[in-house]
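Architecture at a glance
Residues per chain are reported as follows:
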Amino acid sequence: MSVDAATVRRIAHLARIAVADNEIEHLRGEINNMLAFVEQLNEVNVDGVEPTASVEDMKLKMREDVVNDGDYAKRVLANAPASDDGFFQVPKVVE
Amino acid sequence: MSELTSLTLAEARDQLRAKKISAKELADAHLAEMEKARPLNAYVLETPDHAKKMAAASDTKLAKGEGGPLEGIPLGIKDLFATEGVRTTACSKILENFVPQYESTVTSQLWRDGAVMLGKLNNDEFAMGSSNETSALGPVLSPWRRKGDNKPLVPGGSSGGSASAVAAHICLGATGTDTGGSIRQPAAFTGIVGIKPTYGRCSRWGIVAFASSLDQAGPFARTVRDCAILLRSMAGPDPKDSTCSDKPVPDYEKAIGKSVKGMKIGIPKEYRVDGMAAEISEQWETGRAWLKAAGAEIVDISLPHTKYALPAYYIIAPAEASSNLARYDGVRYGLRVPGKDIVDMYEQTRAAGFGKEVRRRIMIGTYVLSAGYYDAYYLRAQKVRTLIKRDFDDAWKQGIDAILTPATPSGAFGIGEKGSGDPVEMYLNDIFTVTVNMAGLPGISVPAGRDHNGLPLGLQLIGKPFGEEDLFALGHVVEQAAGPRMIPENWWSK
């Protein structure tokens, strides 16, 4: 499989990364190189094989559903590019 | 390199305890050498005030005989570990001014045990790279050079700053992270020891995430014993990371010098890749002979899906990265570039904040997870991952205790020499290490010899899940057999 310029633009938008028109062709080449490289996985017979999402032989840990952290809005906001009165500030999203 | 900075971590620890040296002297000696070693660009932030304060506290404790296992030991910290109140960038422009309000679990355990922070170490941006050339804060130089050649070489990556600093004696040990080989490959390139523990051995809490099912923290040091000492402090249960194991942490140092007699060492035939350099296979052969001479039994084994590990990795790792890096949107922390609306702000911020390699991986990850392609790429890669893991499980079932392989397909290369045309050329560096992450196993790289340019070469030992003690015992045998430590000639502070 290989991607065309429109697909590169679509991926860039899905990934929320602005890409200039003069970069599309170069990116297309890079992505297609990668897709050609991973093509060899099609040789492997994976019929009836379960996918591995976690290599660990352990159960996910559970804990009591209680509040055990928080109440430090100032620290949470310490690195915010813009904040006001305990909130993150962003450009207007609702007209 | 002064006398104090040339000590091993274990030697320094023993001399501190015996009050032959002070933590202050040791920290000062390192700070002085760090200043001279700035041309290496290993540290992206030096923290002398921190170091002095911590060393003074250590001296007080040592005087009362209350020192922890690492009391007064100066370390460097990869800039992927969040350090409270100390800038942490992941060597990305998008985090250039980020000052964490919390401390990573791994580093907090090092400080709990008395270690002293010298500064933050350079790495590939978000740990995506094998040469440290993708860092937004500039490449790191290896302290090594080819015989009769002044061309700057890479220290490997992504933990290039950690490897360069340990090899250049500007810290006694360092933290690293390893997603596909980022501890073991740079350790091999710079003639030092590095271990990636079993997935779940160290907490990932407070470490900037790259690919969460593969990422694992581990130490770099100049000897196997020093790595064993550091790992004991770094590892252990953490309620803040649900994938972190509750298994108790053994005293790894006790494994050093343990007999390896009767241990079964697997030699996987699939690692004999096409076009493998003669010096790499000879080094592998020598390693085999060393372990045999120490009483281990050498067994030929097969790991049939080895060649598919790298392509499967280059689907799974970018997929997880594209998801993890979605958080960098210019809203809660990090860089913000204004836009005409909020989506434009996200897109401009991420375009300006991410370097080329990171952008490429996010886009590939986005594509393989997107509707219509998920099954063909991501799901298939995860199934192949099952088969890769099964290969190792079969080897353990056969009674194999550990596996010996080369650490890298070559010695270190020059800055700018690889991957500029085709990124896959750079990715091939991780061909021997990436399988280990896919299966969640521990792997150690130990310096073993030199290539035709006089540069270090490493051997990798792969262990069973939580088989770190075996790796330290076997690694120590390799280290002893390889002879005196390889130390680069100091050209950088002249």
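Structure report, in brief. Only a predicted model underlies this, so the values are computations on that prediction, with no experimental measurement involved.

Details of the pattern of salt bridges
Residues and elements named next belong to chain A. Tallied over the full model, the rule gives 28 salt bridges over all chains. Close ionic contact of Arg28 with Glu25 constitutes a salt bridge, the shortest N to O distance being 3.0 Å. In this pair, Arg28 and Glu25 are both assigned in helix H2 (residues 21-38), 3 residues apart and thus about one turn of the helix distant. Accessibility expressed as a relative area gives 26% for Arg28, which makes it partly exposed.

Concerning the interface of chain A and chain B
With 51 residues of chain A at the contact, the number on the chain B side is 66 residues. Inspection of the region where chain A meets chain B yields 4 salt bridges. The salt bridge partner of Arg359(B) is Glu23(A), with a shortest N-O separation of 3.0 Å. Summed over the shared surface of chain A and chain B, the number is 18 residue pairs in polar contact (both at pLDDT 80 or more). Of all the elements in the fold, those that place two or more residues in the side of chain A that touches chain B are helix H1 (5-14) and H2 of chain A. With 9 residues, the single largest contributor to the side of chain A that touches chain B is H2(A).

Here's the deal with the side chain of Thr88(B)
Residues and elements named next belong to chain B. Tracing the sequence through the fold places Thr88 in the loop between strand S2 (74-78) and helix H4 (105-112). A relative accessible area of 1% places Thr88 in the buried class. Within polar-contact distance, the side chain of Thr88 engages the backbone oxygen of Val86 at 3.0 Å. Among residues more than four places away in sequence, those in contact with Thr88 are Asp79, Leu80, Phe81, Ala82, Thr83, Leu95, Phe98, Pro100 and Lys120.

A closer look at the packing of aromatic side chains
All names here are of chain B. Considering all chains together, one arrives at 16 aromatic pairs over all chains under this definition. Where Tyr271 meets Phe432, the ring centres are 5.8 Å apart and the plane angle is 20 degrees; that geometry is what we call stacked. Here the residue Tyr271 occupies a position in the loop between strand S7 (264-268) and helix H8 (278-293), and Phe432 occupies one in the loop between helix H13 (423-427) and helix H14 (434-439), the gap between them amounting to 161 residues. Taking the relative accessible area as the measure of exposure, Phe432 reaches 1% and is therefore buried. Centre to centre, the rings of Tyr374 and Tyr378 are 5.3 Å apart; their planes meet at 55 degrees, and the pair counts as tilted. With Tyr374 and Tyr378 both in helix H12 (residues 374-397) and 4 residues apart, the pair spans about one turn of that helix. By relative accessible area, which is 11% here, Tyr378 ends up buried. Note that Arg145 overlies the ring of Trp491, its terminal NZ or CZ placed 3.8 Å from the centroid.

Some words on the nonpolar core
Residue and element names in this part refer to chain B. Counting 175 residues, the largest nonpolar core has Leu110, Phe126, Leu291, Phe354, Phe392, Ile444 and Phe472 as its most contacted members. The element contributing the most residues to this core is helix H9 (residues 309-324), with 10 residues. Not counting the four nearest positions on each side in its chain, Phe126 is found in contact with Leu80, Ala90, Ser92, Ile94, Leu95, Val208, Phe210, Leu325, Tyr328, Phe354 and Val358.

Examining empty space enclosed by the protein
All names here are of chain B. Across all of its chains, the model carries 3 cavities of 30 Å³ or more by this definition. Along the walls of the largest cavity sit 13 residues, with Gly129, Ser130, Ser182, Tyr313 and Asp430 positioned nearest its centre. Split by residue class, the lining of the largest cavity holds 5 nonpolar, 6 polar and 2 charged. Taken as a whole, the second largest cavity holds about 40 Å³ of empty space. Lining the second largest cavity are Ala167, His169, Gly191, Ile192, Arg222, Arg485, Met486, Ile487 and Pro488.

As for the side chain of Glu56(A)
By the element assignment, Glu56(A) lies in the loop between H2 and helix H3 (73-77). Buried within the structure, Glu56(A) lacks any salt-bridge partner; Arg204(B) is the closest side chain of opposite charge, at an N-O distance of 6.6 Å. When residues no more than four places from it in sequence are discounted, the contact partners of Glu56(A) are Tyr199(B), Gly200(B) and Thr243(B).

Side note on helix H5 (residues 160-167) of chain B
All names here are of chain B. With 8 of its 8 residues buried, H5 lies for the most part within the structure. Restricting attention to buried positions, one finds in H5 the residues Gly160, Gly161, Ser162, Ala163, Ser164, Ala165, Val166 and Ala167. Of the surrounding elements, those touching the buried residues of H5 are strand S1 (43-46), S2, strand S3 (116-121), strand S4 (173-178), helix H6 (184-190) and strand S6 (216-221). In the stretch just after H5, His169 is the one whose phi turns positive, near 60 degrees.

Rules behind the numbers
- Residues numbered from 1 in each chain as written.
- Chains lettered and ligands numbered in written order.
- Predicted model: local features only at pLDDT ≥ 70, side-chain atom pairs only at ≥ 80, totals over all residues.
- Heavy atoms only, no water.
- Salt bridge = Lys/Arg side-chain N within 4 Å of Asp/Glu carboxyl O.
- Helix = DSSP H or I, 4+ residues; strand = E, 2+ residues; numbered from the N terminus.
- Buried < 20%, exposed > 50% of the residue type's maximum accessible area, 1.4 Å probe, protein only.
- Contact = heavy atoms within 4.5 Å.
- Polar contact = N/O pair within 3.5 Å; in protein donor to acceptor, adjacent residues only side chain to side chain.
- Phe/Tyr/Trp six-rings, centres within 6.5 Å; stacked < 30°, edge-to-face > 60°.
- Lys NZ or Arg CZ within 6 Å of the ring centre and 35° of its normal.
- Core = buried A, V, L, I, M, F, W, Y, C linked by side-chain atoms within 4.5 Å.
- 1 Å grid on protein atoms, 1.4 Å probe; cavity = no way out; pocket = protein on both sides within 12 Å on 5 of 7 lines; lining within 4 Å.
- Points joined across faces, edges and corners; volume = space filled by probe spheres on them.
- Nonpolar A, V, L, I, M, F, W, Y, C, P; charged D, E, K, R; others polar.
- Lys, Arg positive; Asp, Glu negative; His and termini not counted.

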